[in-house]
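Remarks on the overall topology
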Amino acid sequence: MNCLLLPAENFSQNSATINNLSQINHINDVLTAAVGDTLKIGQLGGNLGTAMIEEIAAHRIQLGDVQLSVAPPAKLNLTVILALPRPKVLRRLIMDMTALGVRDIILINSYRTQKSYWQSPMLSRLDEFVLEGLQQGVDTVAPRITLQKRFKPFVEDELASLITNRAIVAHPYSDLSFSQYVQQQVLAKQEQTAPSFVETNSANSTSLPSLVCIGAEGGWIDYEIELLASQGCQPVHIGPRILRTEAAVNVILGQWLL
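Here's a quick rundown of the structure. Since we're looking at a predicted model, the values are computed, not measured.

Another point: the pairing of strand β10 (residues 167-170). Neither face of β10 is left uncovered, since the one carrying Ala167 and Val169 and the one carrying Ile168 and Ala170 both have all their residues buried. Sheet topology places β10 next to strand β12 (residues 233-236); four bridges connect them, and they run parallel. Bridge assignment links Ile168 to a residue of β12, and that residue is Gln234.

Spatial strand order, β9-β8-β7-β11-β10-β12: six strands in an open sheet with parallel pairing. Of all the strands in the sheet, just β9 (144-148) and β12 have a single pairing partner and so form its edges. Sheet twist, expressed as the average angle between the axes of neighbouring strands with direction ignored, equals 20°. In terms of strand pairing, strand β7 (residues 76-83) meets strand β11 (residues 211-214) through four bridges, oriented parallel. From the neighbouring strand, Ile81 faces β11, where its bridge partner is Cys213.

The next point concerns the sheet that holds strand β1 (residues 4-6). As summarised here, the arrangement of the six strands in space is β1-β4-β5-β6-β3-β2, forming an open sheet in which the pairing is mixed. Two strands bound the open sheet, and with one partner strand each, they are β1 and β2 (11-12). Pairing geometry for strand β4 (residues 38-43) and strand β5 (residues 48-56), over five bridges, is antiparallel. Paired with Lys40 across the two strands is Thr50, which belongs to β5. The sheet strands contacting helix α1 (residues 21-30) are β1, β3 (15-18), β4, β5 and β6 (61-70), and the helix crosses β1 at an angle near 150°.

About the cut-offs
- Residues numbered from 1 in each chain as written.
- Predicted model: local features only at pLDDT ≥ 70, side-chain atom pairs only at ≥ 80, totals over all residues.
- Heavy atoms only, no water.
- Buried < 20%, exposed > 50% of the residue type's maximum accessible area, 1.4 Å probe, protein only.
- Helix = DSSP H or I, 4+ residues; strand = E, 2+ residues; numbered from the N terminus.
- Pairing = 2+ DSSP bridges.
- Axes fitted to C-alpha atoms, helices over the stretch in contact; angles between N-to-C directions.
- Contact = heavy atoms within 4.5 Å.

Take a look at the structure:
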């Protein structure tokens, strides 16, 4: 945890209360903080700031001198459509995408998504995983997460309306690499405007798509790739190596932080 996030009801004027046991354990065992120490905190959906420990009890920590004056970082202009992965991988992926600042996450069914994944108790713990990601990335605003259990109706009826600035689908057998795709967009942007340093930077910032589709273990089948492509998703690969889903997610989304 790089900050401690508390719900709005835990704040009262210039004080706050921590009653989450995992946060209390982190303060006691990891930070080894004591009365009088200052903590980095934030209000869920609000600002970030600091507070001083006034009292430490077994199941509660009282904070004072609460100052929340720092706005959270801006969300990435990005929607990630992710084929529902194995339950034990889901936690890490939600945490990582949240920490990276993804604005919208859509968990979707795919041919290689086992039906049992949709009955996993992990799906009832998404808020918990989001909180972990927010505290890792020092953010307070949770991504919007939706579940889509029907692939074809979603792609045909809803996907196009979600694309605001182009879309890609990760596919290891595509002829076009992600880096080539980005270069093409940069060149196209430069051709539309008079060359200058400022505009080149602007082209780089707008060359990334607003929507990314990433498959689960085993990737997308050909039919799914074709259907996604028919709605405007450009297939791209990220190199000759075939990566696990969690590695692919971080490699691709890391481009938005550069």
